[in-house]
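Architecture at a glance
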2 protein chains.
Amino acid sequence: MVLHRGPIIKVLSAVTVVVGTAMLLPMLVSLYYGERSEAVAFLLCSGPMIAMGYFVGKRTVVPERSIIRARDGFFIVGTAWLVMSLLGALPFVLSGSIPRLIDAYFETASGFTTTGASILTDIESLPRGMLFWRSFTHWLGGMGILVLTVALLPMLGIGGQKIMRAETTGPTMDKISFTINDTAKILYKIYAGMSLLQISLLMLGGLTLYDASVHTFGTVGTGGFSNYAASVGAYDSFYVDMVIGFFMIAAGVNFTLYHTLLSGKVRQFFQDFELKYYLMIVGCSTFFITAVLLWKDFYGNPIESFRYAFFQVASIITTTGFATADFDLWPASCKMILLFLMIVGACASSTGGGIKVIRTALVFKLIKRGAYRRLHPNAVIPMRAGDRNMGPEVMSGVAGFVLLYIFTTMISILLISLENVDLITAISSVVACISNIGPGFEMVGPTLNYSFYSGASKMLLSLLMIAGRLELFTIILLFTPVFWNRNK
Amino acid sequence: MVLHRGPIIKVLSAVTVVVGTAMLLPMLVSLYYGERSEAVAFLLCSGPMIAMGYFVGKRTVVPERSIIRARDGFFIVGTAWLVMSLLGALPFVLSGSIPRLIDAYFETASGFTTTGASILTDIESLPRGMLFWRSFTHWLGGMGILVLTVALLPMLGIGGQKIMRAETTGPTMDKISFTINDTAKILYKIYAGMSLLQISLLMLGGLTLYDASVHTFGTVGTGGFSNYAASVGAYDSFYVDMVIGFFMIAAGVNFTLYHTLLSGKVRQFFQDFELKYYLMIVGCSTFFITAVLLWKDFYGNPIESFRYAFFQVASIITTTGFATADFDLWPASCKMILLFLMIVGACASSTGGGIKVIRTALVFKLIKRGAYRRLHPNAVIPMRAGDRNMGPEVMSGVAGFVLLYIFTTMISILLISLENVDLITAISSVVACISNIGPGFEMVGPTLNYSFYSGASKMLLSLLMIAGRLELFTIILLFTPVFWNRNK
């Protein structure tokens, strides 16, 4: 098939400029902490990227009326994330902080996809500028998934609608009546405002600006990189746990809902179908795990049990991956709950990953309808989500997505299990990457990391992170014959 | 809601008579081997059951034109299997072979559902009559799932169609143009003929009539109970492995296809959509496992590697559960393949369990269509299985079934993991029971058993076996409010 080269080069150039520009911030951090060679590494990457991106982009002419087909859209979004991860990895390699390219690629893909899976065996030995960049990719990735393509691509003269289909998280884009650019600006502001608020609150809790920033990037992007090996557990502060816990939950909410809230429609906000399910799942899981932790006497009193249970539930369902406890040591039933939450994930149009709450809820309804139909074979049962009707096309799309998720997960587990790992490690590695969480169980538990995997497995897991981030179809389509077939 | 009591009592009486009569065979076996007290136990159960079933059944009048609604059908089939398992458990308790009722219930439910999961810690210490009965339940269960309700219920004056919906395994009953009773007779003959052929071939391999019968019951019913702790591995014979392997594969084929074959339509047999997928999965899995076993040098040479790989693949995909090797020691990738095969299961309308090959194949097609639609949003793509078109109703039924299977499995794993077991034990216990396989991994691996579980877990696993056997909806519906709602 013939891809339209113009728009693709235009977008990749823009991505290169954005990543290059973004590197100037960690460069300043490096300079501030007197890490000269790191600052030079950032500059050596940033300069050429900005220059090259700018000139190549400027020279590429996109005809006014060029038509972007679905497959061009998928190709653009897919390659943009693949290229972005490669560009972002360069400073790590150049500075020697992460010498092997595949490791740096894994770490950066994990950053931009807001996964938070790491190959670092000794996080605290890295220069502060590098750790800042590592976390900053979360913030950029979270923003990117929310609005990058919605705002940037239309400015380049490319119709954003087709591409949105590839990138928007969730089964249906809420019908917001204003234009894409306005949406983008509002989302930017909410995202930035939320970040500033969290940084302030964390600094009130005694964190330095640097620490507060790093953990805020990891929170609002639902990423999970920390600058401590013990993650958020390093502070051992009830206040910090609650602040980060709250903001993780907030980052897992559909961001278009915040616009509703800011417009003063408080009741409409709380009546949202998906939000109700989301809060219910968080509530029930926290209650269940608190009860089991108390019963098995893990943390002595109810307050402490609640504290660790709530933080971990919030961290896992939003697919952030911060840890305050080694949850791999928890009872099997608690780990099972966490594994479910990994798969369910956050709300649609949030920065979180996974199957998404709305899809899970619709799957429940599909099952329920199936049972009802067995008893009443001729009944016509409309599928509803809140007060919206879900047509059969939406439902078959949801079922197809969930089954593709399960299928991709299974095939990947099979490939990963060719390494000498136990089944739980293989299963949780794949789920933690495809759902953009980060830590899993056993050999990839919260106190461990992904460094032991072979290069091939790291590449597969990186692709899974990007595929999961882009709602599977985008990346997986690139590997299908039908995509490359000229005649179809 | 109001259930029609007449037909329910009529069917349960008939089931009681059948189970009571069936116990006369193991009684004869007990007598032959001089196990007097066991023979008495069988007689003490058999006599009253036949008498009671006969008289209660005779006294119950079912009006000529009584209408059986879907929910009556589900209730009848569900309770029939629950009651059957209870009745079948009595001789074990009465003779003291399995003193605790919940254990005996688990073992018998495992038998009738052709699961093959056992709570026996020392199989070989049981009297021969008891082991014969234990395996004979497999044979009866396999036959039952094929034709019991298709043949028996219409004779009782109850329309079989509605009930068939609950019991038929697979998404669509192949349109066979003759009546239900004729179908039943043909299936009976094929099933019996297959059993006789296998017994003969095993006796040619040096097995006694007793051993050959026990293993044939386990094979054609795809059950998996053996009278040896080492299962089929006890013979350590290439010939026996191949015979049992072949018949397991054969028992996993859609039995209505054998009618096609016996009618001389050989080409039509081999062109069957599901059969092709089934054989392809068996072939690929065997090849993969053989290769990995060779690579990791488990059995030295290719022939031996193939022998163990083929037997285990055949045993697991047909959900039989016989073992010739401790596959729990195999590399993780091989175990992962086996776990997939557990979930996929055998063909529709066979004696095997699981999701079924045809549903798996249709799910693949659903995913593929989903991907295609992303590229061609307006394309109309008909779903085909072989040369038959699958309407959207069938497809949504298949998707609903698979999602219900996954959902039930997850909830059950959660409940089971409340016990002090590792995740792999919990996962494989549930999958091995709901898919009617028997052995799983770790603490329920092929050399171990389910005895350590609490009574509650054993009850749950027994229900899962029955639910899995009756295609989930039948049993699960009994636990839903909508089933018991008078007004709906």
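Reading guide: rules and limits
- Residues numbered from 1 in each chain as written.
- Chains lettered and ligands numbered in written order.
- Predicted model: local features only at pLDDT ≥ 70, side-chain atom pairs only at ≥ 80, totals over all residues.
- Heavy atoms only, no water.
- Helix = DSSP H or I, 4+ residues; strand = E, 2+ residues; numbered from the N terminus.
- Areas by Shrake-Rupley, 256 points an atom, 1.4 Å probe, with all protein chains shown as cover.
- Axes fitted to C-alpha atoms, helices over the stretch in contact; angles between N-to-C directions.
- Contact = heavy atoms within 4.5 Å.
- Nonpolar A, V, L, I, M, F, W, Y, C, P; charged D, E, K, R; others polar.
- Salt bridge = Lys/Arg side-chain N within 4 Å of Asp/Glu carboxyl O.
- Buried < 20%, exposed > 50% of the residue type's maximum accessible area, 1.4 Å probe, protein only.
- Disulfide = S-S within 2.5 Å.
- Core = buried A, V, L, I, M, F, W, Y, C linked by side-chain atoms within 4.5 Å.
- Phe/Tyr/Trp six-rings, centres within 6.5 Å; stacked < 30°, edge-to-face > 60°.
- Lys NZ or Arg CZ within 6 Å of the ring centre and 35° of its normal.
- Parallel < 35°, antiparallel > 145°, perpendicular 65-115°, else oblique.
- Left-handed = near helix turned anticlockwise from the far one by under 90°.

Counting its regular elements, chain A contains 21 helices and two strands. Counting every atom, chain A has about 18600 Å² of accessible surface; 66% of that belongs to carbon and sulfur.

All names here are of chain B. Contact pair helix α14 (residues 302-317) / helix α15 (residues 332-344): the axes reach a minimum separation of 8 Å and the direction vectors enclose 30 degrees. Across the interface between the two elements, Q312, V313, I316 and I317 of α14 pack against L338, L341 and M342 of α15. Considering only residue class, the contact of α14 with α15 consists of six nonpolar, one polar and no charged.

Before going further, it helps to examine the pattern of salt bridges. All names here are of chain B. Following the criterion strictly, the structure yields 12 salt bridges over all chains and no others. Residues R307 and D236 are paired through a salt bridge, measuring 3.1 Å at the closest nitrogen-oxygen approach. Pair noted here: R307 is in helix α14 and D236 is in the loop between α9 (209-220) and α10 (238-251), with a separation of 71 residues, a long-range link. By relative accessible area, which is 5% here, R307 ends up buried. Among the ionic pairs, R307 bridges to D241, the shortest N-O distance being 2.7 Å. Placement of the pair is R307 in helix α14 and D241 in helix α10, with a sequence separation of 66 residues. For the residue pair R307 and D241, the accessibility class agrees, reading buried in each case.

Counted by the stated rule, this structure contains zero disulfides over all chains. Free cysteine: C284 of chain A, not disulfide-bonded; nearest cysteine sulfur from C334 of chain A at 15 Å.

Looking now at the nonpolar core. A general tendency of soluble globular proteins is for nonpolar side chains to be buried together. In this structure, W133 and Y450 of chain A together with W133 and Y450 of chain B are the most contacted members of the largest nonpolar core, which totals 284 residues. Non-local contacts of W133 of chain B, meaning those with residues more than four positions away in its chain, are made with V19, A22, M23, P26, F42, G88, P91, F92, F112 and L140 of chain B.

Let's shift gears to the packing of aromatic side chains. Residue and element names in this part refer to chain B. The tally for this structure, following the rule as stated, stands at 56 aromatic pairs over all chains. With a centroid separation of 5.6 Å and 40 degrees between ring planes, the pair formed by F106 and Y450 is classed as tilted. You can see F106 sitting in helix α5 (residues 101-112) and its partner Y450 sitting in the loop between α18 (423-434) and α19 (455-469), a full 344 residues away along the chain. Take F106: its relative accessible area is 0%, and that puts it in the buried class. A cation over a ring is seen here: R128 above Y33, with NZ or CZ 4.5 Å from the ring centre.

So, on to the packing of α5 of chain B against α19 of chain B. Residues and elements named next belong to chain B. Interaxial distance between α5 and α19 falls to 9 Å at its minimum, and their mutual angle equals 20 degrees. By the criterion of interaxial angle, the relationship of α5 to α19 is roughly parallel. Of the two possible hands of crossing, α5 and α19 adopt the one that is left-handed. Counting all contacts with α5, which are made through I102, D103, Y105, F106, A109 and S110, the residues of α19 involved are G455, K458, M459, L461, S462, M465 and I466. When grouped by side-chain class, the residues that make up the contact of α5 with α19 number eight nonpolar, three polar and two charged.

If you check the backbone angles, D236 of chain A has positive phi at about 45 degrees while not being a glycine. One non-glycine residue, T222 of chain B, lies in positive phi territory at about 50 degrees. Along the chain, T222 of chain B turns up in the loop between α9 and α10.

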